[in-house]
Amino acid sequence: RLPPGPWPLPFLGNILQIDHQGFLKTFQMLRKKYGDVFTVYLGPRPVVILCGYKAVKEALVGQAEAFSGRGHIAIIDPILRGKGVVFANGKSWKALRQFSQLTMRDFGMGRQSIEKQIQEEAQCLVEELRKSRGAYLDPSFFFHSAMANIICTIILGQRFNYQDPRFLHLLHLMNDLSDITSSFYGQMFELLSGILKHFPGIHTRLYSKIQEMEDFVVESIERHREMLDPSAPKDFIDSFLVRMDKESSDPESEFHYKNLVYTVFTLFFAGTESSSNTLLHGFLLLLKNPGVLGELVQMEIDRVIGSHHLPALEDRAKMPYTDAVIHEIQRLGDVIPLGIPRSVIKDTHFRGYHLPKDTTVYPILSSVLHDPCHFEKPEAFHPGHFLDAEGNFRTQGAFIPFSLGRRLCLGESLARSELFLILTSVLQNFTLGSPKALEDIDITSRRNGLLKMPPEFQLCFLPRQGVGPGMQIP
Ligand code: HEM
């Protein structure tokens, strides 16, 4: 009594229905035939697909508890399944989520102190971009560095110089993880893991990258252990170590070494990759839509912030157009198109179907962010989706790039602050130039799997007149 779907082959499931462009395209096509809720067999495993705002909300909010499990991702399951805040389930997830939320708040998330840290990082980014002296460059390294540094400040209590070889290595590793997990191979692995896992392949390369990243995390934890002052934890790792020591005699405690390593690992990854990919999509969309950038966003920046103040979060309420542009960048950027798989934690009745406990569920966020019932021009870059007739900012229920329900993104407030402060700081200081004519700028994504990654592109950052170095953080 699972929802309907195409008839599966034994062991290989719906392999014949998978489009060469990947899961998203496949699910979009199957939705036309089977409706908003259907079942696809990824190999021998049934996965329930939810499309459109109504179905996704009904499940993740209407039956929040039932749909609060984390589902399978075959290519990373052998290493990450059940470990750390993103992939844990049950009692372990509840403890880690609550701890991570409170501790990240202690170290600034959702408070003024994080605003100051993001402002500082934004100024470092602006200085690095200024060094390019208007030359064309691939901006991905710069945005990844800035976003990684902000999460490093919270987790490790330190930021890195953009040229630090250890930091560069960490960034490369994260980029490789995104690239492999979001590739077509990564998606086909979902269907064929039973066979492929017995042979060397791209997944073995992924495991060695994960191992290298784990080594970085373990090294950082060891350094923290040596310097730990339990009465004054300085960052997330210190706080976890203190809690671990406090509960060391409890065999049931969730605060053990493995959960520390994988929580830090997944926070690094979650905190860097989705935000930096969003920024990259954003700058690409602004290059493609120069009218939005030059005539409207920069005009608003000049009017509200001016050239001698640092952008601050309190400016956002006075900048409805810029706020709408950032929302539209997130909507169209659609960086986690398939959602992160969920699962039902008990036998669940949904829309007349029966989902047995542990069934994996994909809430297709892309189908919500492009839902024509909620967005007038779903495929266009149209900041008007978030503006009323008077030009005031208006929210949209179907704007859910951070998902919904119990496992809603833990870093939402941090990410929203980062996007606003980094984007406005860069555009306050620079105007953008492209080596390509407008019609030749391609915005087709390079990867569209677990993450949607924009194509590689070049742009130049041309200093704006009257804005220069020397602004002080208040
Ligand atoms: C634009 C940036 C970001 C986007 C679009 C985004 C989106 C998402 C989405 C769609 C999920 C899956 C939620 C679900 O299971 O339904 C998620 C989970 C998560 N995100 Fe983010 N995220 C972003 C930035 C961040 C940042 C900066 C952090 C850093 C702290 C973060 C930490 C997490 C964590 C820990 C989870 C797992 C939550 C859980 O399983 O309980 N994210 N995010």
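All values reported here derive from a predicted model rather than from experimental measurement.

Visitor: So what exactly am I meant to see when it comes to the environment of leucine 410 here?
Guide: Position of leucine 410 relative to the elements: it lies in the loop between helix 15 (365–369) and helix 16 (412–429). Overall, leucine 410 belongs to the buried group, its relative accessible area being 15%. Spatially, the C-alpha atoms of leucine 410 and alanine 270 are 9.4 Å apart, while their sequence positions differ by 140 residues.

Visitor: Hey, could you run me through the pattern of salt bridges in this one?
Guide: A pair can form between side chains of opposite charge whenever their charged atoms are brought close. Here the structure, examined in full by the defined rule, presents 20 salt bridges. Here glutamate 121 and arginine 159 are joined by a salt bridge, their closest N and O atoms 2.7 Å apart. Remark: arginine 159 occurs in the loop between helix 7 (140–155) and helix 8 (165–181) and glutamate 121 occurs in helix 6 (residues 112–131); sequence separation between them is 38 residues. The exposure class assigned to glutamate 121 is buried, which follows from its relative accessible area of 3%. Assessed through its relative accessible area of 36%, arginine 159 is described here as partly exposed. The partner of arginine 331 in a salt bridge is glutamate 328, and the shortest N-O contact between them spans 2.9 Å. Separated by three residues within a single helix, arginine 331 and glutamate 328 lie in helix 14 (residues 320–333), roughly one turn from each other. Across this residue pair, the class does not change: arginine 331 and glutamate 328 are buried. One network of salt bridges, in which partners are shared, links Asp179, Arg446 and Arg447.

Visitor: Just to check I follow, could you spell out the coordination of the iron atom of the ligand for this structure?
Guide: Four donors placed tetrahedrally about a metal ideally form angles of 109.5 degrees, and six donors placed octahedrally ideally form angles of 90 or 180 degrees. On the protein, Cys409 (SG) is the one donor atom to the iron atom of the ligand, at 2.3 Å. Summarising the element assignment, cysteine 409 is placed in the loop between helix 15 and helix 16.

Analysis parameters
- Within every chain, residues take consecutive numbers counted from 1 along the sequence as written.
- Selection of residues for local features in this predicted model requires a pLDDT of at least 70, selection of side-chain atom pairs for listing and counting requires 80 or more, and totals for whole chains, interfaces and linings are taken over all residues.
- Hydrogens and water are ignored here; the side-chain numbers use all heavy atoms of the structure.
- Labels follow the DSSP assignment, with helices taken as runs of H or I lasting at least four residues and strands as runs of E lasting at least two, numbered in each case from the N terminus.
- To sort residues, take the accessible area from a 1.4 Å probe on protein chains only and compare it with the maximum for the residue type: under 20% means buried, over 50% means exposed, and anything in between is partly exposed.
- Between Lys or Arg on one side and Asp or Glu on the other, a salt bridge is scored when a side-chain nitrogen of the former is within 4 Å of a carboxyl oxygen of the latter.
- Donor selection uses N, O and S atoms within 2.8 Å of the metal (3.2 Å for Na, K and Ca). Since no water is included, sites may look incomplete.

Coordinates in, geometry out; function isn't part of it.
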